Amino acid sequence: MILYLFIFFLAVAICFLTLESKRKYQLGFATWYLVGLGIFIGLSDMLGGYDRYIYAEIFDHMADVTFAGDNPFLSDSFAYFGGEFGYGTLNALMTYITSNRYIFIFTCTMIIYILLIVSLRKYAENMPFAVVVFLGLWVFFTFTYLRQVLGCTIMWLSLQYIYKRDLKRFLLVWFIGFSFHNSAIVFLPMYFIPIKKYSQKTIIGVMVLALIVGLTPIPQSLFEMYGEVDTGRGTAQFYSMDAGFRYAYLIESVFFLFVILANYRDIPKTPKDIVLLNMALVFCAILLVFVRSENGGRLGWFYMLGIICTLTTICVRHKAITQFGLMFIILGLILYIRVYNGWQTYMNLYPYKTFLTNGHREGDPVFEKYEYDEFYDLDKFYRK
């Protein structure tokens, strides 16, 4: 736990120490922090849970096809991803470079963090604070949900084409993100939301309606009509699975809405800031719609950049962190610890181990259940 607390508080320290620095120094410190974080996560030895194992096993099978001199694009492994051919293509191309699952996962992780850096540098008013928000909301999911996180970070490259009203380029980037994870379909309507600041009454009305819908069977029915949204998990029921009432979703959305509406007049009216604001509002609405879903909130990830950047704009002003900023740092730490503790039920994060040493973590239940190739345990680089 101490290791992960150090990671969080290091980001907070960078945020405070660079408050009065020029923007280029803020960008520099935050960029290198994220590069280091990406390396830390990418080097971890199958931490994060089951998903790493299934992605690794499929990649290894595809690499075997390539090594045998056959076409990986015609393999069963490529066909496994179905409509998510973008992610399948990344797998296939990587097999020409390596057949080692660890190098593959490290490469995917670094792509994720490079794309994240590009977006935060472009859209966050104070990148160090945006990193703190990212840690509180999303960092642990980058350990394991490779396809969806890749889809999100690719999708965010399309944001500029929304406020520049360039439909062709938006659709091109959106389609690439969709080809990595079909749940990216939820981001398509963002282009067609008018670029305007809606009245607070309208926003509250929409959120109340979203919560009412969330309390009905409608969200589950919509997923059943849509069908398969996540090849790796199976069917839409994974997202819509009833989990009782997700108080965490409600608390998060209410807090974010409170902060946004309390500072609504101070949010700039530039097209870029308005699009980010509306993304943040959609993120809150999705949490409310899926307030009874075990995993439906994951669909909100495609709008995560909006909440990160809008909160940053509100919480850092005139080279100072506002009271709302201090509140979020506390909330972010609580959310950060909550996910850590939840994942530690299966030893998904600690003790930390890299793949630079052989063997595995003693007592790791995920390794015991899902390890498919014991030779990796003897020599992490027996596959080149």
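Residues numbered from 1 in each chain as written. Predicted model: local features only at pLDDT ≥ 70, side-chain atom pairs only at ≥ 80, totals over all residues. Heavy atoms only, no water.

### What to know about unusual backbone geometry
- The step from Y350 to P351 runs through a cis peptide bond, and the omega angle for that step is 0°.
- Relative to the helices and strands, P351 resides in the loop between α17 (323-343) and α18 (365-370).
- Located in the positive-phi region is M46, a residue other than glycine, with phi close to 60°.
- With respect to the element layout, M46 can be found in the loop between α2 (23-42) and α3 (50-67).
- At H318, a position not held by glycine, the phi torsion is positive, near 50°.
- Structurally, the position occupied by H318 is in the loop between β1 (316-317) and β2 (320-321).
- When its relative accessible area of 79% is taken as the criterion, H318 is described as exposed. (Helix = DSSP H or I, 4+ residues; strand = E, 2+ residues; numbered from the N terminus. Buried < 20%, exposed > 50% of the residue type's maximum accessible area, 1.4 Å probe, protein only.)

### Side note on the environment of W343
- With respect to the element layout, W343 can be found in helix α17.
- Between the C-alpha atom of W343 and that of F40, which follows or precedes it by 303 residues, the distance is 18 Å.
- When neighbours within four sequence positions are excluded, W343 is seen to be in contact with G48, F140, F141, F143, T144, Y145, N348 and L349. (Contact = heavy atoms within 4.5 Å.)

### With respect to the side chain of D373
- Position of D373 relative to the elements: it lies in the loop between α18 and α19 (375-378).
- Summary of buried charges: D373 has no salt-bridge partner, and the nearest side chain of opposite charge, R383, is 4.8 Å away.
- For D373, the contacting residues outside a window of four places in its chain are Y382 and R383. (Lys, Arg positive; Asp, Glu negative; His and termini not counted. Salt bridge = Lys/Arg side-chain N within 4 Å of Asp/Glu carboxyl O.)

### Quick word on a nonpolar patch on the surface
- A grouping of F73, L93, Y96 and I97 is seen on the molecular surface, where their side chains present a nonpolar patch of about 440 Å² in accessible area.
- Relative to the elements of secondary structure, L93 occurs in helix α5 (residues 85-95).
- For L93, a relative accessible area of 47% puts it in the partly exposed group. (Patch = residues over 30% accessible without salt bridge, like charges linked within 9 Å, V, L, I, M, F, W, Y side chains within 5 Å. Areas by Shrake-Rupley, 256 points an atom, 1.4 Å probe, with all protein chains shown as cover.)

### So, the packing of aromatic side chains
- Applying the stated criterion across every chain, the model contains 44 aromatic pairs.
- Ring geometry for F141 versus W343: centroids 5.7 Å apart, planes at 80°, classification edge-to-face. Here F141, found in the loop between α7 (127-137) and α8 (146-155), pairs with W343, found in helix α17; they are 202 residues apart in sequence, far enough to count as distant.
- A cation over a ring is seen here: R246 above Y249, with NZ or CZ 4.4 Å from the ring centre.
- Directly above the aromatic system of Y145 lies the positively charged group of R298, at a separation of 4.2 Å from the ring centroid. (Phe/Tyr/Trp six-rings, centres within 6.5 Å; stacked < 30°, edge-to-face > 60°. Lys NZ or Arg CZ within 6 Å of the ring centre and 35° of its normal.)

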